[in-house]
Amino acid sequence: VQLVESGGGLVQSGGSLRLSCAASGFTFSNYAMSWYRQAPGKGRELVAVISSAGGSTNYADSMKGRFTISRDNAKNTVYLQMNSLKSEDTAVYYCNTRIFRNYWGQGTQVTVSS
């Protein structure tokens, strides 16, 4: 299982970013996918989850209405569209799936300047 995130960067408060996670090594369309994040000095927190077919999504309360998780099973890729970014969204964002155990990508840094 390999998960490779991309799309992070530096953005001003109120701006947008789209993260991507390219997956390989497993049957992508069979598994739910998640995005987590970890801010400096804090624990890793769940951002959003999407079901295997993409028909069901869930978000942490602080991301609802601003973030959108989606997936393209033909491309083995999951996305996280982040709008109206705030300084408190600054974190390393990780892609995750669970197949008997958790698998993580290397993370992509998102920095929101105020």
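In what follows, the accompanying structure is described. (Residues numbered from 1 in each chain as written. Predicted model: local features only at pLDDT ≥ 70, side-chain atom pairs only at ≥ 80, totals over all residues. Heavy atoms only, no water.)

A few points about the pairing of strand E5 (residues 44–50)
Item 1. Examined bridge by bridge, strand E4 (residues 33–38) and E5 share six bridges and lie antiparallel to one another. Residue glutamine 38 lies in a different strand from E5, and its bridge partner there is arginine 44.
Item 2. The hairpin formed by E4 and E5 contains five residues between the paired strands, and glycine 41 there has a positive phi angle of roughly 75°.
Item 3. In this sheet, strand E6 (residues 57–59) lies alongside E5 in antiparallel orientation, the contact comprising three bridges. In the strand pairing of E6, isoleucine 50 is matched with threonine 57.
Item 4. Here E5 folds back onto E6, and the loop between the two strands holds six residues, one of which, glycine 54, carries a positive phi near 90°. (Pairing = 2+ DSSP bridges. Helix = DSSP H or I, 4+ residues; strand = E, 2+ residues; numbered from the N terminus.)

Digging into the pairing of strand E1 (residues 2–6)
Item 1. The alternating pattern of E1 places Leu3 and Glu5 on a buried face and Gln2, Val4 and Ser6 on a face that is not buried.
Item 2. With five bridges connecting them, E1 and strand E3 (residues 17–24) associate as antiparallel partners. Across the sheet, the residue bridging to glutamine 2 is serine 24, located in E3. (Buried < 20%, exposed > 50% of the residue type's maximum accessible area, 1.4 Å probe, protein only.)

Structural notes on the pattern of salt bridges
Item 1. Under the definition given, this model contains four salt bridges.
Item 2. Measuring nitrogen to oxygen at the nearest pair gives 2.8 Å for the salt bridge that ties aspartate 89 to arginine 37. Of the two residues, aspartate 89 sits in the loop between strand E8 (77–82) and strand E9 (91–99) while arginine 37 sits in strand E4, which places them 52 residues apart along the sequence. Considered together, aspartate 89 and arginine 37 belong to a single accessibility category, that of buried residues.
Item 3. Put simply, arginine 66 and aspartate 89 hold a salt bridge, and the shortest N to O gap is 2.7 Å. Of this pair, arginine 66 sits in the loop between E6 and strand E7 (67–72) while aspartate 89 sits in the loop between E8 and E9, placing them 23 residues apart in sequence.
Item 4. Given a relative accessible area of 0%, aspartate 89 falls into the buried group. (Salt bridge = Lys/Arg side-chain N within 4 Å of Asp/Glu carboxyl O.)

Observations regarding the sheet that holds E3
Item 1. Pairing in this open sheet of four strands is antiparallel, and the strands run E1-E3-E8-E7 from one edge to the other. Each end of this open sheet is capped by a strand with a single partner; those strands are E1 and E7. Pairs of neighbouring strands in the sheet enclose a mean axial angle of 15°, with direction left out of account.
Item 2. Sheet analysis places E7 next to E8, joined by six bridges and oriented antiparallel. Residue pairing for E8: threonine 68 is matched across the bridge by glutamine 81. (Axes fitted to C-alpha atoms, helices over the stretch in contact; angles between N-to-C directions.)

What about the packing of aromatic side chains?
Item 1. Summed over all chains, the structure comprises four aromatic pairs.
Item 2. Centroid distance phenylalanine 26 to tyrosine 31: 5.9 Å. Interplanar angle 65°. Geometry classified as edge-to-face.
Item 3. Clustering of aromatic rings is evident, with ring pairs tying together Phe26, Phe28 and Tyr31.
Item 4. Residue placement shows arginine 44 over the ring face of tryptophan 104; its charged tip is 4.4 Å from the ring centre.
Item 5. Here the basic side chain of arginine 71 rests over the ring of phenylalanine 28, its NZ or CZ set 4.3 Å away from the ring centre. (Phe/Tyr/Trp six-rings, centres within 6.5 Å; stacked < 30°, edge-to-face > 60°. Lys NZ or Arg CZ within 6 Å of the ring centre and 35° of its normal.)

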